[in-house]
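Structural overview for review
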Amino acid sequence: MIKFLDLKLLNQDYEPAFKQKFDSFLQSGYYIQGQETKIFENAFASYCNISQAVGVGNGLDAIRLIFEAYKIMGHLSQGDEVVVPANTYIASILAISQAGLKPVLVEPDINTYNLKADTVEKYITRKTKAVLAVHLYGLVSDWEALSALTNKHNLLLIEDAAQAHGAQYQGQKTGRLGHAAAFSFYPTKNLGALGDGGMVTTNDPVLADTIRLLKNYGQKQKYVSRYKGFNSRLDEIQAAFLNVKLPYLDSINQKRRALALKYIQNIDNKQITLPYYTHEDSHVFHQFVVRTPKRDRLKKYLAAQGIETIIHYPVPPHKQEAYSEWHDISLPVTEKIHKEILSLPIRENLTTQEQDYIIEKINRFE
Ligand SMILES: *Cc1c(COP(=O)(O)O)cnc(C)c1O
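Residues numbered from 1 in each chain as written. Predicted model: local features only at pLDDT ≥ 70, side-chain atom pairs only at ≥ 80, totals over all residues. Heavy atoms only, no water.

1. Quick word on the packing of aromatic side chains
Going by this rule: Between the rings of Phe, Tyr and Trp (Trp by its six-membered ring), a pair exists once the centres lie within 6.5 Å; its type follows the angle of the planes, with under 30 degrees stacked, over 60 edge-to-face, and the other angles tilted. Think of it in three bands: residues with accessible area under 20% of the maximum for their type are buried, residues over 50% are exposed, and the middle band is partly exposed, with areas taken using a 1.4 Å probe on protein chains only.
Enumeration according to the criterion identifies 17 aromatic pairs in this entry. Ring centres of Tyr14 and Phe18 lie 5.8 Å apart, and the angle between their planes is 35°; on these two criteria the pair is classed as tilted. Neither residue differs from the other here; Tyr14 and Phe18 are each classed as buried. An angle of 5° between the planes, with centres 4.3 Å apart, marks the rings of Tyr323 and Trp326 as stacked. Looking at Tyr323, the relative accessible area reads 6%, which means it is buried. An aromatic cluster of three or more residues is present, and its members are Phe40, Phe44, Tyr47, Phe183 and Phe185.

2. Some details on the side chain of His165
Rule in force here: Helix numbers and strand numbers start at the N terminus; a helix is a DSSP run of H or I with at least 4 residues, a strand a run of E with at least 2. Between two residues, a contact is recorded if the distance between any of their heavy atoms is within 4.5 Å.
Its place among the elements puts His165 in the loop between strand S5 (156–160) and strand S6 (168–169). Ignoring anything within four residues of it in the chain, the contact list for His165 reads Thr174, Phe183, Ser184, Phe185, Lys189, Asn190, Leu191, Leu249, Asn253 and Val284.

3. Section: the site of the ligand
Here is the rule: The near set for a molecule or strand comprises every residue that places at least one heavy atom within 4 Å of it. Polar contact is the term for a pair of N or O atoms within 3.5 Å; when the atoms are in protein, one must be able to donate a hydrogen and the other to accept it, and sequence-neighboring residues count only if both atoms are side-chain atoms. Residue exposure ignores everything except the shown protein chains as possible cover, and the areas themselves are Shrake-Rupley values with a 1.4 Å probe. A 1.4 Å probe that fits into a set of points on a 1 Å grid over the protein atoms alone but cannot get out defines a cavity; an open set with protein on both sides within 12 Å along at least five of seven lines defines a pocket, and lining residues are those with an atom within 4 Å of a point. The rule for placing a molecule in a cavity or pocket is simple: more than half of its atoms must lie within 2 Å of the grid points. Each residue gets one of three labels, nonpolar for Ala, Val, Leu, Ile, Met, Phe, Trp, Tyr, Cys and Pro, charged for Asp, Glu, Lys and Arg, and polar for the others, Gly among them.
Around the ligand, the neighbouring residues are Asn58, Gly59, Leu60, Tyr89, Ala91, Ser92, Val134, Asp160, Ala162, Gln163, Ser184 and Lys189. Here Leu60 contributes a backbone N or O atom positioned 2.9 Å from an oxygen atom of the ligand. The contact in question runs from an oxygen atom of the ligand to an N or O atom on the side chain of Gln163, over 2.7 Å. Contact with the protein chains covers 92% of the free accessible surface of the ligand, which is 380 Å². According to the grid-proximity analysis, the pocket containing the ligand is the largest pocket. Elements supplying a minimum of two residues to the shell around the ligand: helix H4 (59–72) and helix H5 (90–98). Each residue belonging to the shell around the ligand can be placed in one class, and the counts come to five nonpolar, five polar and two charged.

4. Considerations on empty space enclosed by the protein
Just so we agree on the cut-off: Grid points are joined across faces, edges and corners, and a volume is the space filled by probe spheres set on the points.
If you walk through the whole model with that rule in mind, you get two cavities of 30 Å³ or more. Estimated volume of the largest cavity: approximately 70 Å³. Looking at the largest cavity, the residues that line it are Asn111, Thr112, Tyr113, Leu136, Tyr137, Leu139, Pro275, Tyr276, His283, Gln287 and Val289. Partitioning the lining of the largest cavity into residue classes produces seven nonpolar, four polar and no charged. Considered as a void within the structure, the second largest cavity measures approximately 60 Å³ in volume. Per element, the largest residue contribution to the lining of the second largest cavity is three residues, and it comes from helix H1 (residues 7–11).

If you want it as structure tokens, here you go:
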């Protein structure tokens, strides 16, 4: 059986370093907001080439806290509209709802699965205040066009970079492309912890300081709350583990790109649409997503050949039970994507033999 993912195996190389980190963590007696968190925030900021990085509890909270901070700063208010791709992972949309803002679902580009500026423009109203651009599957959104559009309409441009650590747009890494960015270190992400974790990056010190308070009960100093805050801190032990892995992020991404390139050059089946890929650095292949009208058959066929695949994601947000108010909305591009996509294994420890086997089986699919 070729597994889609094997987290234990993926983390095996780091085991001795993790154990060392755990020992010194245990000895330090400092379990929350200690040195490892500070070191990781600085290292991640420097990796993204940005001035501010704030560790938080997870990726969902990272997005939500950006919105909550902008509300406190007076840039957003209750009920403002936030444009978001309709095919994103549910967390992007939950973060907008939870912050008391209104998600406006926009059809993505069918080739890139990301937002397209001219489509976004059609959805802009007087109430639109922000665009949440998701770099889905690890591909950077069309940043030049989105920046021009958001500048023209005076909107905040926020990155959901939860799937795109280290991806670049014209030499600039995600995390510094808009006004603020949110990252997740959920174990399956390209930079994954051994539990939950998240980060906000920005060049705006006021935004960063507001989030530093918000994620810790709104406290400026212990027991003195300035805002009605949250409890969403990056766990110290997760920060320690992430300090071990961050130096390997570029090589992790490089391995995934090499696997993707091999798939792209060798999958030759007219029924299968391969992912959009032009520039090397723009994609970190968090997922390798193919598309075919025969998706369900392809998935079953591959399973019968011992190849595990996953659908990211089987149900679009507007068809989720949690958002029953959207069930009548028609989003044909999004619905087509959800019916046709399938993710192939692209974990960085996939062997040549395994990948050759997957390619051979896909090429034989009719
Ligand atoms: C994983 C993910 C999130 C949420 O991150 P968590 O750490 O799981 O809360 C948000 N947006 C996207 C696009 C994601 O893939």
